Amino acid sequence: MKSQVLRNNAWLLAFAAVAALPLVLPNDYYLTVLIVGGLYTILSIGLNLLMGYAGQASLGHAAFYGLSAYTTGILAVTYQWPVWAGILAGLALSSLVSYLIAVPTLKLRGNYLAMGTLGFGVIVFIVLNEATSVTGGPSGFTGIPKLSIGGKEFSSDLEYYYVVWAAVLLLFALSRNLVRSRMGRALRAIHTSETAASALGVDTQRYKIFVFVLSAFYAAVAGVLYAHYVTFVSPGTFGFPTSILLVTMVVLGGMASLWGAVLGALFLTLLPEWLRAIEHFDILVYGAILVLCMMFLPGGLAEGAQKAWDASLSLFRKKGAAAEEGGGQ
Amino acid sequence: MNRKAVWFGFVFVFAMLLGAIAQAVEPVKIGAVFSVTGPASFLGEPKRNTVKMLEADINRSGGILGRPVEFIVYDDESDATKTVTAVDRLIKKDRVAAIIGPSISGNTLAVIPKAGAEKIPLISCAAAKKITSPVHPYIFKVAPSDLLAAKRIFQDMKNRKLAKVAIITASDGYGAGGREDMKELAPQMGISIVADEVYGPKDTDMTAQLTKIKGTDAQAIVCWGTNPGPAVIARNRVQLGIKTPLYMSSGVASKKFIELAGAENAEGILLPAARLIVEPQIPADHPQKKVIVNYIKDYEGKYKQPVSTFGGHAHDAVGILVQAIKDANSTDPKAIRDALEKVKGFQGTWGEFNFTPEEHTGLTEEAFVMVKIVNGDWQMLK
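## Focus on the overall build of chain A
Helices and strands together make up the secondary structure of chain A, namely 15 helices and two strands. Rg of the C-alpha trace for chain A: 21 Å, near the compact-globule value of 20 Å for 329 residues, within the 12% margin. The dimensions of chain A, computed from C-alpha atoms along their principal axes, are 85 × 55 × 45 Å. For chain A, restricting intrachain contacts to residue pairs at least 6 apart in sequence, the fraction spanning at least 24 positions comes to 76%.

And the structure:
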């Protein structure tokens, strides 16, 4: 009973740890890494809802990330909109575009869906690159203001860290409720077999569109937070390699696992930073670690963490039992 | 049990030794961020190599201010987000006194707010004009703006009495920058742009654009991009039998371009380039002769590969920074910044650098010489 309570509320504990973390970090550089990690966590939770739960591939997810980042940036700088209005417009535009894309592309399945979303991602990348007069073109768009809400500017890394991780917490809780609801079960049914799901009365098309738009909305949240943190956006950040990185985070973390999304995003953000210490070989080691993870943990880091937890628990119990037996001799 | 004690002893002694070494002299820490991998690696790799080579040289000759120097080089993988975390790491974790790089304009623009807010001097090795205009107190750059290269080309055209130009530019950061600069500069220099064509950086055939240009009364064509696009244009131009003189940007000033285009297609192409590539043709009494000869000798001796003008940017940035630290007689970022603004008459591989509080790019268009490709080699024009 006690362990059930613990298990159900583990995420609250984890986020309490997040809140306390800045107090023990040796220097502020880790804050920046964790802010970037938080953004990727949001992206990866969103993509996991789509890929892990509903089983729909997206190879163009970075496009939604970029669309909202550019929208809020351009509105704030070129059109002098207040920051909050730009953010809302960015979120709205990304969601709207994702809806318009979802309706035709989600009729595709498997590889064709992957191709469709990939094409969309490439189109957005080209538009960001070529519409020089609006987006600043390939060399990027500068001068985006810092995030400010109601006159309060979040200019320090510490303040921004809390903003980003509050967003992570909120979206995590939302997703957690979603996947445990009727809708979450419907999504998993679609993943297993779309035909069977619709035979059981699940409106597959509607659910697929909903989860696609939701996952684009998550990406849009990360996008506006990115734009007002770095204060600069360039097309390279939102290109195909980023979409692939996001898919890697979801798969490496563990499909259909929210904790997996968090672990995958944080692991792939932190790993390259740790590996900076071994210059020249970092990319080699990075690749090797990914390969080993996928070989030995096909279920992702979430599965690995679960196994390690169970193993240490049983070890602990055995030791306790052995000590009791040993005491008698 | 015994073995454990022996191991423990070893580790203990080793740790003590390390501690003693670390305490001896605190090195001067300088950060560097280059695109060593990714699409811009042709810029970043020679820069990384140059910095590592100069680190050894400086330490062999006694370091700076009696302290050894340590260059901490990070790879940004040509990615803006990675550049931001790398610069943050240099400033907050490694606590460097100054930063050299990044090697591309977009990544530099991404970190200007960061370096500026933390008040750490940053010497960019990228070319975009936006980096130093408007002037930011802590941001400098050593690569001449593309505007200066464009100016050099237009000057050469005027000398040849050519007034109508067709421009064909790549749709990437470099090409778009050149296009903007040329459109801004042309009216001021009495040159009219009669055709304005754009190609994708990965396109493999530009005959469509060149055919359009052929139909205009252009007296010269200027192409702005980095390999391989310009090489394709050089080939297509010969295939289409276009005799109009062709100018290239300084972005292709390496032997790789002639190789890709083929010597017969590259024949007669004109371009502005750094003196580095025409080293044997520089007169012996030229002020940059010595520094260029030494750089080529050292680099090619150490790495067994040809030197590039991009590595030259890193060479100049290190030289200028070391001089500023010596002038300031301090490794305090503020003092280094103040000293950087006072660097005058510094002879680098790219030319003579003069900084002032209003001018954070040290070079003028004198950094470029006009070069003609003759028989698959460079020929410096007077």
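Here the narrative resumes.
## Structural notes on the overall build of chain B
Check the secondary structure of chain B and you find 13 helices and 14 strands. Projected onto its principal axes, the C-alpha positions of chain B cover 85 × 50 × 40 Å. Looking at chain B as a whole, 52% of its 382 residues are labelled buried. Of the contacts formed within chain B by residues at least 6 apart in sequence, a portion of 67% connects residues at least 24 apart.

## Looking at the domain arrangement of chain B
All names here are of chain B. By domain assignment, chain B separates into domain 1 (29–145 + 309–363) and domain 2 (147–280 + 368–380). Taken over C-alpha atoms, the centre of domain 1 sits 30 Å from the centre of domain 2. Facing the eleven residues of domain 1 at the interface are nine residues of domain 2. For the side of domain 1 that touches domain 2, the elements supplying multiple residues, two or more each, are α4 (105–118) and α12 (309–328). Partitioning the side of domain 1 that touches domain 2 into residue classes produces four nonpolar, six polar and one charged.

## Things to note about helix α3 (residues 80–92) of chain B
Residue and element names in this part refer to chain B. Its 13 residues give α3 an end-to-end C-alpha distance of 18 Å, which sits within 8% of 18 Å, the value for a rise of 1.5 Å per residue. Judged by how many residues are buried, α3 sits mostly within the fold: twelve of 13 residues are covered. By the burial criterion, the buried members of α3 are A80, T81, K82, T83, V84, T85, A86, V87, D88, R89, L90 and I91.

## Concerning the sheet that holds strand β3 (residues 98–100) of chain B
Two pairing modes exist for strands in a sheet, parallel and antiparallel, and in both the strands are linked by backbone hydrogen bonds. All names here are of chain B. In space, the five strands of this open sheet follow the order β2-β1-β3-β4-β5, with parallel pairing throughout. Looking at the sheet topology across the chains shown, the edges are occupied by β2 (69–75) and β5 (139–141). Strand-to-strand twist across the sheet, computed as the mean angle between neighbouring axes with direction ignored, equals 25°. In terms of strand pairing, β3 meets strand β4 (residues 122–124) through two bridges, oriented parallel. What sits directly across from I100, in β4, is I123. Those strands touched by helix α2 (residues 41–60) are β1 (28–34), β2 and β3, and its axis lies near 165° from that of β2.

## Things to note about the nonpolar core
All names here are of chain B. Of all hydrophobic cores here, the largest spans 211 residues; its most connected members are I99 and I100. Both domains that meet at this core, namely domain 1 (29–145 + 309–363) and domain 2 (147–280 + 368–380), each give it at least three residues. Each residue touching I100, except ones within four places of it in the same chain, is listed here: I30, A32, V51, I123, C125, A314, A317, V318 and L321.

## So, the interface of chain A and chain B
Contacts between the two partners involve 24 residues from chain A and, on the opposite side, 24 residues from chain B. Listed by contribution, the elements that provide at least two residues to the side of chain A that touches chain B are α3 (29–53) and α6 (110–130) of chain A. The element contributing the most residues to the side of chain A that touches chain B is α3 of chain A, with four residues. A class-by-class count of the residues in the side of chain A that touches chain B yields seven nonpolar, twelve polar and five charged.

## Let's talk about the environment of G229 of chain B
Residues and elements named next belong to chain B. You can see G229 is positioned in helix α8 (residues 229–239). The buried category is assigned to G229, around which 27 C-beta atoms lie within 10 Å. Once residues within four sequence positions are removed from consideration, G229 is found in contact with A170, Y199, P201 and D203.

## Some points on the packing of helix α9 (residues 182–192) of chain A against helix α11 (residues 204–230) of chain A
Residues and elements named next belong to chain A. Where α9 meets α11, the axes come as close as 10 Å, and the angle between the chain directions of the two elements is 105°. Looking at the two axes, α9 sits roughly perpendicular to α11. Contact residues: α9 offers M183, A186, L187 and I190, while α11 offers T204, Y207, K208 and V211. Among the residues forming the contact of α9 with α11, the class breakdown is six nonpolar, one polar and one charged.

## Observations concerning unusual backbone geometry
Negative phi values dominate among residues other than glycine, just as trans dominates among peptide bonds. Omega for the bond connecting G101 of chain B with P102 of chain B falls within 30 degrees of zero, at -10°, which places this linkage in the cis form. One can find P102 of chain B in the loop between β3 and α4. Of note, the amide linkage connecting N227 of chain B to P228 of chain B takes the cis form, showing an omega dihedral of 5°. Structurally, P228 of chain B is set in the loop between β8 (220–224) and α8. One non-glycine residue with positive phi stands out, namely Q80 of chain A, at about 55°. Checked against the element boundaries, Q80 of chain A lands in the loop between α4 (62–77) and α5 (83–105).

## Description of the packing of α12 of chain B against helix α13 (residues 333–340) of chain B
Axes are the key here: two packed helices are described by the angle between their axes and the distance separating the axes. Residue and element names in this part refer to chain B. In contact at an axis separation of 8 Å, α12 and α13 are set at 110° when each is read in the N-to-C sense. As summarised for this structure, α12 and α13 are arranged roughly perpendicular, according to the angle between their axes. Read as a crossing pair, α12 and α13 show a hand that is right-handed. Across from A324, I325, D327 and A328 in α12, the residues of α13 making contact are A335, I336, D338, A339 and L340. Of the residues in the contact of α12 with α13, the class split is seven nonpolar, no polar and two charged.

## Quick word on the pairing of strand β7 (residues 192–199) of chain B
Residue and element names in this part refer to chain B. For strand β6 (residues 164–170) and β7, the ladder comprises seven bridges, and the chain directions are parallel. Along β7, the bridge assignment pairs A166 with A195. After leaving β6, the chain enters helix α6 (residues 173–188) and then returns to the sheet as β7, a path that is right-handed.

What counts as what
Residues numbered from 1 in each chain as written. Chains lettered and ligands numbered in written order. Predicted model: local features only at pLDDT ≥ 70, side-chain atom pairs only at ≥ 80, totals over all residues. Helix = DSSP H or I, 4+ residues; strand = E, 2+ residues; numbered from the N terminus. Rg over C-alpha atoms; globule rule 2.2 N^0.38 Å. Contact = placed C-beta atoms within 7 Å. Buried ≥ 20, exposed ≤ 12 C-beta atoms within 10 Å, placed from the backbone. Domains from an automatic or database assignment. Nonpolar A, V, L, I, M, F, W, Y, C, P; charged D, E, K, R; others polar. Expected span 1.5 Å × (residues − 1). Pairing = 2+ DSSP bridges. Axes fitted to C-alpha atoms, helices over the stretch in contact; angles between N-to-C directions. Core = buried A, V, L, I, M, F, W, Y, C linked by C-beta atoms within 7 Å. Parallel < 35°, antiparallel > 145°, perpendicular 65-115°, else oblique. Left-handed = near helix turned anticlockwise from the far one by under 90°. Right-handed = clockwise from strand over helix to strand, strands pointing away.

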